[in-house]
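Notes for the structure review
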Amino acid sequence: MISLQSYVRGRWVAGSGDTKTLHDPATEAVLGDVRQGGVDFAEVLAHATTTGGPALRAMTFPQRAEALKALSAKLHEHRDELLDIATQNGGNTRGDGKFDLDGCTGTLAYYAQLGSQLPAAAHLVDGDGLQLTRSPRFFGQHVLVPRPGAAVHINAFNFPAWGMGEKMACALLAGVPVIEKAGTPSALLAYRIAQLVVDSKLLPEGAFQFLAGSVSGLLDLLGPMDTVAFTGSSATGALIRGNKHLVTRSVRVNIEADSINPAVLGPDADGDTFEQFVANIATDMTQKAGQKCTAVRRILVPADRIAEVEEALVERLRAIKVGNPANGDVRMGPVASSEALATVRAGMQRLQAVSDTVLGGPQAIADRGYFVAPTLLRAKDPNAAVLHELEVFGPCATMVAYDGTAASAAALCNRGGGGLVASAYSDDRAFVEALVLGIAPWHGRVWLGSEKTMSQATPPGAVLPATIHGGPGRAGGGEELGGLRGLHPYLQRTAIQGDRAVVGRAFGRDGA
Ligand code: NAP
């Protein structure tokens, strides 16, 4: 039994006040607890901005990149221990845990590599310099400079490692100190990672602080140079976006929220393309017990192919062994908490009201633990609003029939109100092009599966640091990662105007 502490102002401090208990979701055994209060947020912010920020900004981009590289290696050294914690407190199979943890260390390593190629300067040049008047003397140059505030990172429970790692990588490389808040139900993994970060001494004092409990009140203290990067549900995201202090002080806020991700089977898709579609959907439904923001929730299938898809998916899903992920042969563990289980069951029931149940359902499948069966539904009416509006954050997806045209598939995809990722499986270029143009404005990422990419593509559920993550509308309207774009929330873009001899040489490529 462990009581999680926060790492603030250079030391670990015990929390106080209300307690939340951490469980092993497979056995319901109590593992530890988190106290919700006891941290002076004003002091945390002051420490970040007066100690951590200046120390980070005294380092060049390549020096900060070097620290990220060493941090990635340090966490990787502890991989087995961290994977065990992901199983105990997250209900992760070994594969689920690797997806999270290797995603974390991989993203840190990616930004280390990117940063190693940046100039040893205090700013980044943004685009070419510009002659602003008829005279070549008067010159303009956009630059990106680190903002002297703090990066407050609020993470969701489902990716305790990756969520923290990807946000940290971007902020620290930009030169901005981080304050990391873990999602409570699975906080044990984030806590152990925080201990390793602190013990490594790879980051200057004040560059990394970790909050174990609630952040209630912290956002009210933020100022114009601070950034909030939030990952979680649309409901909490909306609450944060609407915080009046953040609004009035123009605090930068990036929201990564939920999404009713669609997968579209093209009318032509067969052979390898069809296999890829079935395999990816079965993986998405069951990896991390469906607790992935990018998991497919709506499976769009030409009406005359529903039976074929149903048969193929049922065969795949039936072969997946559900149980305690501590057992090596188990392929899907429980959802993360009793609250999550109750929400997933209630959500499945709401979807069942407009669908036929093909496999699974919300009923209990074990005496103990937060288990729920992989559940495949078939919509009775493709236009039923709940299909396009309700995220069931568990191993559940619904087949929705469409008429086989790109236009009708796009219209259904976009009913999700803005998504993180839409995937499409087809070798018909005209269909693919029409679909992509129809759905691109509504989705942060469009993933295309085809015969040619079968053996080479990463699955649509995987977020890659080189391409952006985030989406419009209900997905939060945010954008993370995407190579150097990932640093932008932490950098100020400023136009410098003046004598070319000064501006071009000191801030532009003329001096390079
Ligand atoms: P959540 O309940 O919205 O919580 C997310 C985070 O916000 C947690 O750290 C939570 O802390 C904190 N929080 C809750 N209320 C808050 C408030 N009033 N002010 C500030 N912080 C607050 O979401 P979750 O259940 O952890 O995560 C699941 C959801 O996240 C799903 O809907 C999923 O789709 C979404 N998600 C999105 C992405 C993405 O990248 N777009 C990635 C992963 C997950 P406590 O845990 O202590 O309550």
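Refer to the preceding data block for the structure.
What counts as what
- Residues numbered from 1 in each chain as written.
- Predicted model: local features only at pLDDT ≥ 70, side-chain atom pairs only at ≥ 80, totals over all residues.
- Heavy atoms only, no water.
- Helix = DSSP H or I, 4+ residues; strand = E, 2+ residues; numbered from the N terminus.
- Rg over C-alpha atoms; globule rule 2.2 N^0.38 Å.
- Buried < 20%, exposed > 50% of the residue type's maximum accessible area, 1.4 Å probe, protein only.
- Contact = heavy atoms within 4.5 Å.
- Core = buried A, V, L, I, M, F, W, Y, C linked by side-chain atoms within 4.5 Å.
- Pairing = 2+ DSSP bridges.
- Axes fitted to C-alpha atoms, helices over the stretch in contact; angles between N-to-C directions.
- Phe/Tyr/Trp six-rings, centres within 6.5 Å; stacked < 30°, edge-to-face > 60°.
- Polar contact = N/O pair within 3.5 Å; in protein donor to acceptor, adjacent residues only side chain to side chain.

A word on the overall build of the chain. If you tally the helices and strands in the chain, you get 15 helices and 22 strands. A globule of 512 residues ought to have a C-alpha radius of gyration of about 24 Å, and the chain, at 24 Å, matches this closely. The C-alpha extent of the chain, read off along each of the three principal axes, is 70 × 60 × 40 Å. Looking at the chain as a whole, 56% of its 512 residues are labelled buried. The contacts in the chain between residues at least 6 apart in sequence include a share of 75% that link residues at least 24 apart.

Let us now look at the nonpolar core. Where a protein is soluble and globular, its nonpolar side chains tend to be buried together. Residues Tyr 111, Ile 193, Phe 208 and Phe 210 are the most contacted members of the largest nonpolar core, which totals 62 residues. Those elements that place two or more of their residues in this core are strand 5 (30-37), helix 2 (61-77), helix 3 (79-90), helix 4 (94-116), helix 5 (162-174), helix 6 (187-200) and strand 10 (208-211). For this core, the element with the highest residue contribution is helix 6, accounting for ten residues. If you look at the next biggest cluster of nonpolar residues, it comprises 59 residues, including Val 301, Met 332, Ala 340 and Leu 435.

Now for the sheet that holds strand 17 (residues 396-402). Reading across the sheet, the seven strands line up as 15-16-17-14-13-18-19 and stay open at both edges, with mixed pairing between neighbours. One side of each edge strand has no neighbouring strand; the edge strands of this open sheet are strand 15 (355-359) and strand 19 (443-449). Strand-to-strand twist in this sheet, taken as the mean axis angle between neighbours without regard to direction, amounts to 25°. Running over the sheet, helix 14 (residues 429-439) touches strand 13 (261-265), strand 17, strand 18 (419-425) and strand 19 and is turned about 165° from strand 19.

Our focus in this paragraph is the packing of aromatic side chains. Tallying each qualifying case throughout the model produces ten aromatic pairs. Ring geometry for Phe 99 against Phe 159: centres 6.0 Å apart, planes inclined by 50°, an arrangement best described as tilted. Note that Phe 99 is positioned in helix 4 and Phe 159 in the loop between strand 8 (151-154) and helix 5, a separation of 60 residues in sequence. With relative accessibility at 23%, the residue Phe 99 sits in the partly exposed group. Between Phe 274 and Phe 277, the ring centres sit 6.1 Å apart and the planes meet at 35°, which makes this aromatic pair tilted. Of the two residues, Phe 274 and Phe 277 are both situated in helix 9 (residues 271-286); the distance of three residues between them amounts to about one turn of the helix.

Before going further, it helps to examine the side chain of Ser 355. Mapping Ser 355 onto the fold places it in strand 15. Note on Ser 355: relative accessible area 4%, which makes it buried. At a separation of 2.8 Å, a polar atom in the side chain of Ser 355 contacts the main-chain carbonyl oxygen of Leu 351. If near-sequence neighbours (up to four positions away) are discounted, Ser 355 is found in contact with Leu 377, Arg 378, Ala 379, Lys 380, Leu 387 and Thr 398.

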